[in-house]
Amino acid sequence: QVHLAESGGGLVQPGGSLRLSCVAAGSRFSAYSMAWYRQAPGKQRELVAWITNRGTSTNYAGSVKGRFSISRDNPTNTLHLQMNSLKPEDTAVYYCNLWPALRDYWGQGTQVTVSS
């Protein structure tokens, strides 16, 4: 079992940057592909980016490609999402989970609000 805790969200102006972190408590973090997801108000949760277990391959949703970067540090059981050139449409609650996601692993998420 892996318990996930997201942090790093906040209020940022359009064009700004944020770095999200997700710490995994439990064993075998390095065995799993991981991903960031987000859910905007009134919308379904969507996949933002994923990374393979060793970090050798990444992939991004078209809406964030070139602006966001996913990375991981297996020795510290940490997943990151660097978000640059943020837009109001990036406003959402951001979650980390395995990829593909497992229902029981959803955490509280971290709120990202992009507004002037």
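Rules of the game
Residues numbered from 1 in each chain as written. Predicted model: local features only at pLDDT ≥ 70, side-chain atom pairs only at ≥ 80, totals over all residues. Heavy atoms only, no water. Helix = DSSP H or I, 4+ residues; strand = E, 2+ residues; numbered from the N terminus. Core = buried A, V, L, I, M, F, W, Y, C linked by side-chain atoms within 4.5 Å. Buried < 20%, exposed > 50% of the residue type's maximum accessible area, 1.4 Å probe, protein only. Contact = heavy atoms within 4.5 Å. Pairing = 2+ DSSP bridges.

**Overview of unusual backbone geometry**
Most peptide bonds take the trans configuration, and most residues that are not glycine carry a negative phi.
And step 1. Residue Pro-100 is bonded to the preceding Trp-99 through a cis peptide linkage, with omega at -5°.
And step 2. Residue position: Pro-100 is located in the loop between strand S9 (92-98) and strand S10 (110-114).
And step 3. The phi dihedral of Asn-77 is positive, around 55°, even though this residue is not glycine.
And step 4. The residue Asn-77 is located in the loop between strand S7 (68-73) and strand S8 (78-83) in this model.
And step 5. Residues other than glycine seldom take positive phi values, yet Ser-85 does so here, at roughly 50°.
And step 6. With respect to the helices, strands and loops of the structure, Ser-85 is situated in the loop between S8 and S9.

**Quick look at the nonpolar core**
And step 1. Judged by nonpolar contacts, the single largest core of 31 residues is most densely connected at Trp-36, Leu-79, Leu-81, Met-83 and Tyr-94.
And step 2. Elements with a contribution of two residues or more to this core: strand S1 (2-7), strand S3 (18-26), strand S4 (34-39), strand S5 (46-51), S7, S8, S9 and S10.
And step 3. Leave out the neighbours within four places in its chain, and Tyr-94 touches Glu-6, Leu-20, Trp-36, Tyr-37, Arg-38, Val-48, Phe-68, Leu-81, Met-83, Gly-109, Thr-110 and Val-112.

**Regarding the pairing of S5**
And step 1. Across five bridges, S4 lies against S5 in antiparallel orientation. Across the sheet, the residue bridging to Trp-36 is Ala-49, located in S5.
And step 2. Count of turn residues in the S4/S5 antiparallel hairpin: six residues, of which Gly-42 carries a positive phi of about 75°.
And step 3. Between S5 and the antiparallel strand that follows it, strand S6 (residues 58-60), lie six residues; Gly-55 among them carries a positive phi value of about 80°.

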